[in-house]
Every structure is written in structure tokens, then in C-alpha cells.
Amino acid sequence: MRMGPIHAFLAGEGSDGEGRRLADVVAFGDARIEGVHDFIQWCFPLREASLAVPGAPVLTRAEAEAIRADPAALSGLRAARDRMMRFYGDTNGWLRAHDHNHLRITRILRALRNLLGSREAQAFHAFVTARNAEAGAPINPDSLRYWANALSGD
């Protein structure tokens, strides 16, 4: 069976649109995570086109099912999640009223819920909302609402 491009990327067998493998992205330093904007769509794919990165991959229903059935792809998705958790744990620049990382977090939550299930999405949500609380709750209410809605599929 031939893997779709997102599936192959997450399984460690393919590359993104820039020729990077998942291991390359997971090895990004914090400055590169912050500054590069076209990897998040590959690591956390959704079923609609990205408005921020035209031409980014779109997850099909069939590819989502294949990813859910492939332990290697699920492991890759968890590695990407863990890298983003380290980034959000080690940096504070996103802890302000408005930041592009708020959109990334919404995407991550939606992708985790879709591909790994609600429990894993809820754990990521608990992590980022705890970081927000520890920082004095600087994140705007709209972003927080988007994050909460991402858990329920809205």
C-alpha cells in the first residue's frame, strides 16, 4: 500500500515540501521552531487548507485513517507533539495577548484530537493553559476559546 505524503512524513519515511524529514524538524532549536512557519502543517495536519501557508498539505479522510492505523506514524506525531511541548515549556514569547503560536496551538489541538484522540488533546490543552496561568494569564480570551473549542471538534 502506498502512503500518502503526510503519512509518510509522520512515519519517518518521507519528507515535507522543503525536503525535511520529521527527525529534522524534531531536532529544530527553539529559534528555528519560532521562525520557520511551514513545518507545523506537516506535523499536525488538518482536513482543510492552511490560510497561513498556501500549498501546505491537506489531510484526507483516507490518509487520516491510515495514520491512525500505523504505529510508526503515531509515534512520529507524538514526537512532534513532545517537541512542541518542550518549546512551549522552555520559551515565553508566546505568553502574551496575541501571538502566531496561538494559531499553532489550535492546529495542534485539532490534529491531536483527530489523530490521537481526545485524551491526548486534553493533556496538551492542560499543559498550555497551565503555562498561561503560571504566566499570569496574558493570553486573550478568544485564543483560549479557540483552544477549548478545538477539544470538542468545533
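To be clear, the structure that these remarks concern was listed above.
Residues numbered from 1 in each chain as written. Predicted model: local features only at pLDDT ≥ 70, side-chain atom pairs only at ≥ 80, totals over all residues. Heavy atoms only, no water.

Chemist: Give me the environment of leucine 22: which residues, what numbers.
Modeler: The residue leucine 22 is located in helix α2 (residues 22–26) in this model. Through-space distance from the C-alpha of leucine 22 to that of glycine 89 is 21 Å; in sequence the pair is 67 residues apart. If we skip the residues at most four places from it in the chain, leucine 22 touches Phe9, Leu10, Cys43, Gly76 and Ala80. (Helix = DSSP H or I, 4+ residues; strand = E, 2+ residues; numbered from the N terminus. Contact = heavy atoms within 4.5 Å.)

Chemist: Lay out the nonpolar core with the relevant residues and their values.
Modeler: Across soluble globular proteins, nonpolar side chains have a tendency to be buried as a group. Ranked by size, the top nonpolar core spans 41 residues in total, and within it Phe39, Phe44, Met84 and Tyr88 carry the most contacts. Within the residue set of this core, elements represented by two or more residues are α1 (5–10), α2, α4 (40–43), α5 (61–68), α6 (71–90), α7 (100–115), α8 (118–134) and α9 (141–152). Looking at this core, the element that brings in the most residues is α6, giving seven residues. Here phenylalanine 39 is in contact with Arg20, Val25, Phe28, Ile33, Met84 and Arg104, once residues within four sequence places are set aside. (Core = buried A, V, L, I, M, F, W, Y, C linked by side-chain atoms within 4.5 Å. Buried < 20%, exposed > 50% of the residue type's maximum accessible area, 1.4 Å probe, protein only.)

Chemist: Give a description of the pattern of salt bridges that names residues and reports values.
Modeler: The full count for this structure, using the stated rule, is 10 salt bridges. Between aspartate 38 and arginine 20 there is a salt bridge, with the nearest N and O atoms lying 2.7 Å from each other. Of this pair, aspartate 38 sits in the loop between α3 (30–35) and α4 while arginine 20 is found in the loop between α1 and α2, placing the two residues 18 residues apart along the sequence. The exposure class assigned to aspartate 38 is partly exposed, which follows from its relative accessible area of 23%. It is possible to trace a salt-bridge network through shared partners that takes in Arg78, Arg81, Asp82 and Glu120. (Salt bridge = Lys/Arg side-chain N within 4 Å of Asp/Glu carboxyl O.)

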